Structures are given as C-alpha cells and as structure tokens.
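# A look at the structure
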Amino acid sequence: MTMETNKIFAAVLVAGIIAMLGGFMADLVMPPRSLDEPAYHIDVPDDGTGPAVAAADTGPEPIEHLMAEADIDRGRRVSRSCLACHSFDQSREIRPQGPPLWGVVGKPLASIDGFTYSSALQEEGGTWTVEKLNEYLWNPRRAIPGNRMNYRGIRSPEDRAALIAYMKTMQ
Ligand code: HEC
C-alpha cells in the first residue's frame, strides 16, 4: 500500500466512525421510541350495521311498523316492475311468465291451479303473510332458494311496505 491509498483508507474509516458516532449521539439526544398507538386510525364498521353486512347477513328490515302508513299509490307504481310477469287484476289471468297475484296476501304459497310452480316454491309451504312477502320481495332467490322468480328484489323497506299494502287491497 502506498501512502496515498493509506491516507484515503484512513479518511474513509474516520468518516465512517464520525457517521456512526453521529447516529449514536442523535439517539442519545432524541431516543427513538415506538408509538403506543398507530399514528392514524381507520374506522372500520364492525358492528354489523353496515349496509352490505345487513343485506348479506341479517335479511330484510321488518316492515310491520310501516304498513299502517304505507302509501297505496306508491305501491301501485312499484308494482309496474312486476307486470311483465304477473297480472294484478281480478281477471286472475295466468301468464306463462308468472302466476296471477290478485288476492295473494293471506293465500297459501303456490296455490294457483293451472300455473306450474317450481318444486322449491311448492315445497316451501305456508302462507303469504306480510312477513313472508317482505322476505320474498326483498330477495326472492335468497328467501326461497331454487324458486324460479327471476327478479332481483326491492331494497327499500318503504317500497316493499307500499307494494304489499297495495296487494292487500286486491281482495
Ligand atoms: C321475470 C318475471 C317475474 C317478475 C318481474 C316478477 N315475478 Fe313474481 N314470480 C315469477 C315466477 C316465475 C313465479 C313462480 C316462481 C316459482 O314457481 O318458483 C313468481 C312468483 C311470485 C309470487 C308467489 C305467487 C304464488 O302463487 O305463490 C309472488 C307473491 C310474486 N311472484 C310477487 C311478485 C311481485 C310483487 C313482483 C314485482 C315486485 C314480481 N313477483 C316480479 C316471475 C316474476
């Protein structure tokens, strides 16, 4: 090694030692400390009341308390989305796409003679109560898996109450 390389080597060494000492001194003056809590906080709803969670896990909101105030005209408007498949009038016309709905509230499920129901709907049993209709119209596929009503459901509890109140007038 020449004197020159020795000097350079020493300089680099000294510089390294100074840098290390610097860091050491800095730690002495301001000791690093870890945070007790995360520096920021993300609010994640975990109480089961988020809309997605409610829709996925807890089923439709009950509507009994909405029935007394339900708006029949609003129900008639909502029923337009059913007319492609169902007749709503007293004629009880049986369409190939769906059974007639006149008088359906309070009737046994799948009870129209002359309409071919899915076995899922036939085997479900029971009566079309307000509660049962609330569940079915909220999400037909989830309420009665395997039934053939190809309808995505009505999200708004007020719309479901209005529609069922309207259907109740058809007796
Ligand atoms: C795309 C066609 C279609 C639409 C739209 C539709 N339905 Fe249906 N609906 C059906 C079919 C098909 C069945 C029979 C399902 C089965 O047998 O599984 C049915 C069954 C029903 C039943 C049971 C009837 C019974 O006799 O037991 C009710 C109640 C009903 N639908 C209400 C509605 C209402 C209210 C709407 C509008 C919000 C609606 N449906 C929209 C096709 C439809």
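Just so it is clear, the structure is predicted and the values come from calculations on it, not from any experiment.

Another aspect to go through is the overall build of the chain. The helix and strand inventory of the chain stands at 8 helices and 0 strands. Within the chain, the proportion of its 171 residues that are buried is 33%. In the chain, 49% of the contacts between residues at least 6 apart in sequence involve partners at least 24 apart. Of the accessible surface of the chain, which amounts to about 11,900 Å², a share of 59% is contributed by carbon and sulfur atoms.

If you walk through the whole model with that rule in mind, you get 3 aromatic pairs. Summarising the aromatic geometry, the rings of Phe115 and Tyr117 are spaced 5.0 Å apart at their centres and angled 70 degrees between planes, so their arrangement reads as edge-to-face. Just as Phe115 is buried, Tyr117 falls in that class too. Plain terms: the ring middles of Trp128 and Tyr136 are 4.9 Å apart, the flat faces sit at 40 degrees to each other, and that makes the pair tilted. Each member of the pair, Trp128 together with Tyr136, is buried.

Further remarks concern the layout of surface pockets. The computed volume of the largest pocket comes to approximately 540 Å³. Taken together, 31 residues line the largest pocket, and the ones lying closest to its centre are His86, Gly98, Pro99, Tyr136 and Met149. Of all elements in the fold, only helix H6 (130–138) and helix H8 (157–168) reach the threshold of two or more residues within the lining of the largest pocket. In terms of residue count, the dominant contributor to the lining of the largest pocket is H6 (3 residues). The class makeup of the residues in the lining of the largest pocket is 21 nonpolar, 8 polar and 2 charged.

Let us now look at the site of the ligand. The environment of the ligand is made up of 24 residues, and the closest members are Cys82, Cys85, His86, Ser118 and Met149. The side chain of Ser118 places a nitrogen or oxygen atom 2.5 Å from an oxygen atom of the ligand. In the model, an oxygen atom of the ligand is placed 2.7 Å from a nitrogen or oxygen of the Arg148 main chain.

The next subject is the side chain of His86. Looking at the element boundaries, His86 is found in the loop between helix H4 (72–78) and helix H5 (119–124). For His86, a relative accessible area of 9% corresponds to the buried category. Excluding residues that lie within four positions of it along the chain, His86 makes contacts with Arg95, Gly98, Pro99, Leu101 and Met149.

Once that is clear, we can look at the environment of Gly125. For Gly125, the location among the structural elements is in the loop between H5 and H6. For Gly125, a relative accessible area of 32% corresponds to the partly exposed category. With 17 residues separating them in the primary sequence, Gly125 and Pro108 have C-alpha atoms 7.2 Å apart.

Conventions we followed
Residues numbered from 1 in each chain as written. Predicted model: local features only at pLDDT ≥ 70, side-chain atom pairs only at ≥ 80, totals over all residues. Heavy atoms only, no water. Helix = DSSP H or I, 4+ residues; strand = E, 2+ residues; numbered from the N terminus. Buried < 20%, exposed > 50% of the residue type's maximum accessible area, 1.4 Å probe, protein only. Contact = heavy atoms within 4.5 Å. Areas by Shrake-Rupley, 256 points an atom, 1.4 Å probe, with all protein chains shown as cover. Phe/Tyr/Trp six-rings, centres within 6.5 Å; stacked < 30°, edge-to-face > 60°. 1 Å grid on protein atoms, 1.4 Å probe; cavity = no way out; pocket = protein on both sides within 12 Å on 5 of 7 lines; lining within 4 Å. Points joined across faces, edges and corners; volume = space filled by probe spheres on them. Nonpolar A, V, L, I, M, F, W, Y, C, P; charged D, E, K, R; others polar. Near = heavy atom within 4 Å. Polar contact = N/O pair within 3.5 Å; in protein donor to acceptor, adjacent residues only side chain to side chain.

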